Amino acid sequence: MNAQAPPSVHPNPRKTGSIRRLGQVDIAALREAVLAIPEAVWDAENAGKPNRFDALDSTRHIVFRFVDGFRDWRGSHDRPLWADWRHLLEPVLAQAVAPYGYARADFPRVMLARMAPGGVIKPHRDANPAAKWPHKIHVPLLTHERVVFYVDGIGYHFAEGEAVEVNNMGVHAVQNAGDGDRIHLIFEYYDLDQPDPDWVHLIESPGA
């Protein structure tokens, strides 16, 4: 499912080259609701998730919004739980992206990612074309000091409630070396008024 981008497809120049710390956001209401999610819901949502990539084999997900296909970020849809959770998610999303200042923007992917103690996400790049243009942003809802996010070999720790854009075009990985779960809100965000890249015809062509 992880379609590879053609070689000439370059990432959005507005994306960070490492990480960009966007500041603290108010996660209190969302965090409380997420920590109350029954295990059965985590199991069911993870079993039906659309993001089945080998690098994520130790992470469970609840996906609220997702791209229609892995070639193009401009088409996306709400999944069943979005309607019930949007009143909690939208205030956090809005606070997190305020530093960008985009007048019109979209969130093609929105999800929760839960990693158990001892879990890892293997080193990888987000290779599908739909990941090349949007900013990729993490907001930790539950974490601890022994969770490390690596970008191109450099390790970072993100505090609870801190919104951080990460470079998903670089080689990135995660290690949870602690004794508790790590739960992040992860989403993508892009400017609807930014002109499409000059290579967009490559992902629109059926044979590309």
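Reading guide: rules and limits
- Residues numbered from 1 in each chain as written.
- Predicted model: local features only at pLDDT ≥ 70, side-chain atom pairs only at ≥ 80, totals over all residues.
- Heavy atoms only, no water.
- Helix = DSSP H or I, 4+ residues; strand = E, 2+ residues; numbered from the N terminus.
- Rg over C-alpha atoms; globule rule 2.2 N^0.38 Å.
- Buried < 20%, exposed > 50% of the residue type's maximum accessible area, 1.4 Å probe, protein only.
- Contact = heavy atoms within 4.5 Å.
- Areas by Shrake-Rupley, 256 points an atom, 1.4 Å probe, with all protein chains shown as cover.
- Lys, Arg positive; Asp, Glu negative; His and termini not counted.
- Charge placed at Lys NZ, Arg CZ, Asp CG, Glu CD.
- Polar contact = N/O pair within 3.5 Å; in protein donor to acceptor, adjacent residues only side chain to side chain.
- Axes fitted to C-alpha atoms, helices over the stretch in contact; angles between N-to-C directions.
- Parallel < 35°, antiparallel > 145°, perpendicular 65-115°, else oblique.
- Left-handed = near helix turned anticlockwise from the far one by under 90°.
- Nonpolar A, V, L, I, M, F, W, Y, C, P; charged D, E, K, R; others polar.
- UniProt positions renumbered as here; feature names shortened; annotations may be inferred.
- Pairing = 2+ DSSP bridges.
- Phe/Tyr/Trp six-rings, centres within 6.5 Å; stacked < 30°, edge-to-face > 60°.
- 1 Å grid on protein atoms, 1.4 Å probe; cavity = no way out; pocket = protein on both sides within 12 Å on 5 of 7 lines; lining within 4 Å.
- Points joined across faces, edges and corners; volume = space filled by probe spheres on them.
- Core = buried A, V, L, I, M, F, W, Y, C linked by side-chain atoms within 4.5 Å.

## What about the overall build of the chain?
Check the secondary structure of the chain and you find 4 helices and 12 strands. Radius of gyration (C-alpha) of the chain: 16 Å, near the 17 Å computed for a compact globule of 208 residues. Based on the C-alpha atoms only, the size of the chain along its principal axes is roughly 45 × 35 × 35 Å. Residues counted as buried form 53% of the 208 residues belonging to the chain. Sequence separation of 24 or more characterises 79% of the internal contacts of the chain that already satisfy a separation of 6 or more. Approximately 9200 Å² of the chain is accessible, and the part contributed by carbon and sulfur atoms is 54%. Within the chain, one finds 22 positive and 27 negative side-chain charges whose respective centroids are separated by 4 Å.

## Structural notes on the side chain of histidine 61
Here histidine 61 lies in strand 2 (residues 59-69). A polar atom in the side chain of histidine 61 sits 3.0 Å from the side chain of lysine 49. Separated by 3.5 Å, the side chain of histidine 61 and the backbone oxygen of threonine 59 make a polar contact.

## Considering the packing of helix 1 (residues 28-35) against helix 3 (residues 82-97)
Contact pair helix 1 / helix 3: the axes reach a minimum separation of 9 Å and the direction vectors enclose 135 degrees. Between helix 1 and helix 3, the crossing angle belongs to the class labelled oblique. For the pair helix 1 and helix 3, the crossing hand works out as left-handed. Two secondary-structure elements touch here, helix 1 through Ala29, Leu30, Ala33 and Val34 and helix 3 through Trp85, Leu88, Leu89 and Val92. In terms of residue class, the contact of helix 1 with helix 3 is built from 8 nonpolar, no polar and no charged.

## Side note on the UniProt feature "domain: Aspartyl/asparaginy/proline hydroxylase" (unreviewed entry) in the chain
Listed under "domain: Aspartyl/asparaginy/proline hydroxylase" (unreviewed entry) in the UniProt record, and renumbered for this structure, are residues 104-189. Split by type, residues 104-189 is 0% helix and 55% strand. Its first and last C-alpha atoms lie 10 Å apart.

## Considerations on the environment of glycine 17
If you trace the backbone, glycine 17 turns up in the segment before strand 1 (19-24). Owing to a relative accessible area of 58%, glycine 17 belongs among the exposed residues under this scheme.

## Some remarks on the sheet that holds strand 9 (residues 154-156)
Strand order across the open sheet formed by 4 strands is 6-11-8-9, with antiparallel pairing between neighbours. Unpaired on one side and paired on the other, strand 6 (120-124) and strand 9 mark the two borders of the sheet. In this sheet, neighbouring strand axes are inclined to one another by 25 degrees on average, regardless of whether the strands run parallel or antiparallel. One ladder, built from 3 bridges, connects strand 6 with strand 11 (residues 172-176); its direction is antiparallel.

## Side note on the packing of aromatic side chains
Applying the stated criterion across every chain yields a total of 11 aromatic pairs. A ring pair is formed by tryptophan 73 and tryptophan 199, whose centres lie 5.6 Å apart and whose planes are at 70 degrees; its orientation type is edge-to-face. Of this pair, tryptophan 73 sits in strand 3 (residues 72-78) while tryptophan 199 is found in the loop between strand 12 (182-191) and helix 4 (200-204), placing the two residues 126 residues apart along the sequence. Assigned by exposure class, tryptophan 73 and tryptophan 199 land together as buried.

## So, empty space enclosed by the protein
According to the stated counting rule, one finds 1 cavity of 30 Å³ or more in the structure shown. Taken together, Thr143, Val147, Val148, Phe149, Tyr156, His157, Phe158, Val174, Arg182 and His184 form the lining of the largest cavity. Secondary structure elements with two or more residues in the lining of the largest cavity: strand 8 (147-151) and strand 12. Among the elements that take part in the lining of the largest cavity, strand 8 stands out by supplying 3 residues, more than any other. Considering only residue class, the lining of the largest cavity consists of 6 nonpolar, 3 polar and 1 charged.

## Side note on the nonpolar core
With 31 residues, the main nonpolar core has Val139, Leu185 and Phe187 as its most contacted residues. Only helix 1, strand 2, helix 3, strand 5 (110-115), strand 7 (135-142) and strand 12 provide two or more residues apiece to this core. Broken down by element, the residue count for this core peaks at 8 residues, all from helix 3. When residues no more than four places from it in sequence are discounted, the contact partners of phenylalanine 187 are Leu93, Ala96, Val97, Phe107, Arg109, Val110, His135, Lys136, Ile137 and Val139.

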